[in-house]
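Notes for the structure review
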Amino acid sequence: MKNIISKLNKAFESRIRLGIMSILSVNDSADFNTMKQLMELTDGNLASHLKSLEGLGYIQSFKQFIGRKPNTSYMLTEDGRKCFKEHLDALEELIK
Amino acid sequence: MHHKVLFILTNIMNKQLEDIKVIREMMECSSKFLSLSGLSGIVAGITAIIGAFIADFYILPLNNDFTPTHEEMFHKMLLLIVDAMVILLISISFGIYFSRRKAIKNNQKISGSLIRKTLYNLSIPLLTGGIFAFIFLLQGNIPMVIAMTLTFYGLALVNVSKYTYDEIHYLGLLEIILGVAAAIFTQHGIWFWIFGFGFFHISYGITMYIKYDLKKDEKHHIEIK
């Protein structure tokens, strides 16, 4: 039991990070406002979690302009996808 | 001591279960448009049947005594286009109305980029089919108008089904089959149209309403903090 719990990734303990990873795992990319709207978060709250996930190398951001407005989008890195999958597998095993 | 461990374990389990719900909800609402209501299908079906009868009984019949003049043909075509536009407008308006109502009721969040993707994927086959239907209408070939609208509508549904309920995929396949059949059995065209846009929509709408809309009330919503 303890062994399984230790497999759960500490980085995904927060629901917000879990939400971010879930959204990005089924979409090629998602922009800041979409995620903010889906999870009903404030700018600061979402930004801090995005920053830490990016710091861990799980997601990467790219800026683009839509008209004149800057728009930041995010996508999973290969490492992020692998770690998230491992986390999901661990969750699944735990529930069993 | 034993109880304490058990208590901690249950707590962990509960958190993981809630986590899984969050994961599933975020995956679903960010990639699928699930606010589509079965009621939209029912209204669209009824509208289509009424529209088809108006076309078949009031617009299409020709006076057999003489060959119609160009003016009369033009007049009929115009009426057909108006008839089709009214059906489309009523169906879309009710579709949007019921979807909004369902989204608000179930506290579903709809991402703007998802709506854009859905509309884009829906519009490519629909516009293509619309152009084909218009070309055949100009040639006075009503059976092919019916075949084209059914077929391309089916293709649009299949194309867009990856962004919404899987059932849309099968509805699309059925519409394509009917469209092709309408091109072969041209003398019964209007009945294929009434089945495809009318009865299929109504029975699909009722099924979806019972399967998803009624059940959704029990859905447990988790706050992401």
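For the structure itself, consult the block above.
Below is a short write-up of the structure. Please read all numbers here as calculations on a predicted model, not as lab measurements.

Below, the discussion takes up the interface of chain A and chain B. Frequently, the measure chosen for interface size is the accessible area removed from exposure when the parts meet. Chain A puts 24 residues into the contact, and the matching count from chain B is 26 residues. Of the roughly 2200 Å² buried between chain A and chain B, counting both surfaces, carbon and sulfur atoms make up 67%. Among the residues chain A hides against chain B, the three largest losses belong to A:Arg15, A:Leu38 and A:Ile95. Together they make up 31% of the total. Viewed at the interface, chain B and chain A are joined by one salt bridge. Applying the counting criterion to the chain A and chain B interface returns four residue pairs in polar contact (both at pLDDT 80 or more). Broken down by secondary-structure element, the contributors of at least two residues to the side of chain A that touches chain B are α2 (15–26), α3 (32–39) and α5 (78–95) of chain A. Tallying contributions element by element places α2(A) first for the side of chain A that touches chain B, with eight residues. Classifying every residue of the side of chain A that touches chain B by side-chain character gives 15 nonpolar, six polar and three charged.

Turning next to the nonpolar core. Of all hydrophobic cores here, the largest spans 38 residues; its most connected members are B:Met148, B:Leu150, B:Ala182, B:Phe192, B:Trp193 and B:Phe197. Of all the elements in the fold, those that place two or more residues in this core are α2 (38–59), α3 (70–105), α4 (112–138), α5 (142–160), α6 (167–184) and α7 (189–213) of chain B. Not counting residues within four places of it along the chain, the set of residues in contact with B:Trp193 comprises B:Ala48, B:Ala52, B:Ile87, B:Ile146, B:Thr149, B:Leu150 and B:Gly198. In terms of nonpolar packing, the next biggest core, distinct from the first, is built from 31 residues, A:Ile16, A:Leu41, A:Tyr58 and B:Ile23 among them.

Criteria and cut-off values
Residues numbered from 1 in each chain as written. Chains lettered and ligands numbered in written order. Predicted model: local features only at pLDDT ≥ 70, side-chain atom pairs only at ≥ 80, totals over all residues. Heavy atoms only, no water. Contact = heavy atoms within 4.5 Å. Buried area = accessible area lost by both parts, 1.4 Å probe. Salt bridge = Lys/Arg side-chain N within 4 Å of Asp/Glu carboxyl O. Polar contact = N/O pair within 3.5 Å; in protein donor to acceptor, adjacent residues only side chain to side chain. Helix = DSSP H or I, 4+ residues; strand = E, 2+ residues; numbered from the N terminus. Nonpolar A, V, L, I, M, F, W, Y, C, P; charged D, E, K, R; others polar. Core = buried A, V, L, I, M, F, W, Y, C linked by side-chain atoms within 4.5 Å. Buried < 20%, exposed > 50% of the residue type's maximum accessible area, 1.4 Å probe, protein only.

The values reported here are purely geometric and, on their own, carry no functional implication.
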